[in-house]
Amino acid sequence: MQVTEIYKSLQGESTYAGMLCVFVRLTGCNLRCSWCDSEYTFQGGRKMTVAEVRNEVLRLSPGGGLVEITGGEPMLQEKEVVPLMQYLLDDGYRVLLETSGERPLQQVPAGVVKIVDVKCPDSGEQGMFRLANLETLAAHDEIKFVLSSRADYEFAREFTARHHLAERVNAVLFSPAFGKDAAGTRTSSHCLLDPQELAQWMIADNVSARLGLQLHKFIWDPAVKGV
Ligand code: SF4
């Protein structure tokens, strides 16, 4: 496997935000979202075997806990990632998979919590979501829309309603995008869409979704990686 980093920190997003978590961040992505904060994963990294990755997770969090497989786009390494996730489930971990939604998800083990992006217009990658992935969703999964404009919000609101997402998954997350060059102050002023404005829209529309903020951007300097 090609791995950018493995580290222990606090989960920053999803309904697991705030919990201790080991992150396995894999190298490579086939998309280029305009606000991507993980461009450092596009190249480089180091080769590791599935067994080496599993052992590193065991070392960082012995005896179980939360582990997230992320990237980049982890499902580009499906051949290795699927058995890795199954090993970690068998080891007693709660396994999260953070994915762009563009790769097929049929082979993901049933016990894995999938956190699946649907790319909105201003990401520059609208239309990349694989609709067949909707059929793979389980009640414990989560769908995430990263929003940077009113147009993104309206797209997310319509997509959520049209596909009855709130009834299919544990959470539908509407999350303001962060400016990718954000650094220094740990405030919402770095958000490309003001969270207060988003909150007001959601309240006015009675949206069946949860507003999510990237907790780690408020705890550490937004420019710091590997936290
Ligand atoms: S899918 Fe994720 S890693 Fe890939 S470009 Fe978009 S935000 Fe970045």
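Residues numbered from 1 in each chain as written. Predicted model: local features only at pLDDT ≥ 70, side-chain atom pairs only at ≥ 80, totals over all residues. Heavy atoms only, no water.

Draft legend 1. Highlighting the environment of R94. Relative to the assigned elements, R94 resides in strand 5 (residues 93-99). The contacts of R94, once residues within four sequence positions are left out, are Y16, G65, L66, V67 and V113. (Helix = DSSP H or I, 4+ residues; strand = E, 2+ residues; numbered from the N terminus. Contact = heavy atoms within 4.5 Å.)

Draft legend 2. Region of the structure containing the pairing of strand 4 (residues 65-70). Burial within strand 4 is extensive, with five of its six residues counted as buried. Where strand 2 (residues 20-26) and strand 4 come together, four bridges link them in parallel fashion. Bridged to F23 within strand 4 is E68. Strand direction decides the pairing type here: strand 4 and strand 5, joined by five bridges, are parallel. Considered in strand 5, the bridge of I69 is made with L97. Regarding topology, helix 2 (residues 78-90) serves as the crossover connection from strand 4 to the parallel strand 5, and that connection is right-handed. (Buried < 20%, exposed > 50% of the residue type's maximum accessible area, 1.4 Å probe, protein only. Pairing = 2+ DSSP bridges. Right-handed = clockwise from strand over helix to strand, strands pointing away.)

Draft legend 3. Quick look at helix 3 (residues 150-162). Along its 13 residues, helix 3 runs 18 Å from first to last C-alpha, staying within 8% of the 18 Å computed at 1.5 Å per residue. Every buried residue of helix 3 is accounted for by D152, Y153, F155, A156, F159 and T160. Viewed end-on, helix 3 has its buried residues packed into an arc of 160°, placing them on one side of the element. In this fold, the buried residues of helix 3 make contact with strand 7 (142-147), helix 4 (165-168), strand 8 (171-176) and helix 5 (195-205). Of the residues one or two after helix 3, H164 is the one with positive phi, at around 50°. (Expected span 1.5 Å × (residues − 1). Arc of directions from axis to C-beta.)

Any functional reading would require information beyond the geometric quantities listed.
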